Amino acid sequence: MSRNLIKIGALCLVAAATTAAAAAGTSPAPQAAALTQAPIIMRLSNDEFRIAFGIHAAQCAGRACRGVIHYRVDWRTESGRRRSELKQVDYVVSPRANRTIAVDRAYFDTAEGRHTTEVVAVHVERITCTGA
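Analysis parameters
Residues numbered from 1 in each chain as written. Predicted model: local features only at pLDDT ≥ 70, side-chain atom pairs only at ≥ 80, totals over all residues. Heavy atoms only, no water. Phe/Tyr/Trp six-rings, centres within 6.5 Å; stacked < 30°, edge-to-face > 60°. Helix = DSSP H or I, 4+ residues; strand = E, 2+ residues; numbered from the N terminus. Buried < 20%, exposed > 50% of the residue type's maximum accessible area, 1.4 Å probe, protein only. Salt bridge = Lys/Arg side-chain N within 4 Å of Asp/Glu carboxyl O.

> Hey, could you go over the packing of aromatic side chains for me, with residue numbers and the actual values?
Working definition: an aromatic ring pair is given by the centre-to-centre distance plus the angle between the planes. A complete count under the given rule lists 3 aromatic pairs for this structure. On the numbers, 5.9 Å between centres and 45° between planes, the contact of Phe49 with Phe108 is tilted. Taken together, the residues span a long stretch of sequence, with Phe49 in strand 5 (residues 48-56) and Phe108 in the loop between strand 8 (99-107) and strand 9 (118-127) at a distance of 59 residues. Of the residues examined, Phe49 reaches a relative accessible area of 2% and is grouped as buried.

> Account for the pattern of salt bridges, with residues named and values stated.
According to the stated counting rule, one finds 5 salt bridges in the structure shown. Among the ionic pairs, Arg105 bridges to Glu48, the shortest N-O distance being 3.5 Å. Separated by 57 residues along the polypeptide, Arg105 in strand 8 and Glu48 in strand 5 bring together distant segments of the chain. Looking at Arg105, the relative accessible area reads 49%, which means it is partly exposed.

If you want it as structure tokens, here you go:
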């Protein structure tokens, strides 16, 4: 199965299900949960960040659901050394809502806060949703 990357600013979503459905001549199943926009990256200190995800889960309206966002963060040290980390953050959608946010706390450094690091990109690999 081929994978297409849909680039939205610093965000890449893997559209494998859409590609497979198009190849088979069928329409893809609607997503139970999707991002409302590209993740928001907030710097708190030299190496501490918060990464916020807005989640739209219309199929959860009237009942609660939960899931996990699996993502990869590319970051760089002051010296130019690049690193990549796989991370995940849980989310819960209230039964009285169809949107929520999930915020992950992250530290990116090679020397325990002695350097200023930069988040280069956040790539969402997969969003799971149960109960929808």
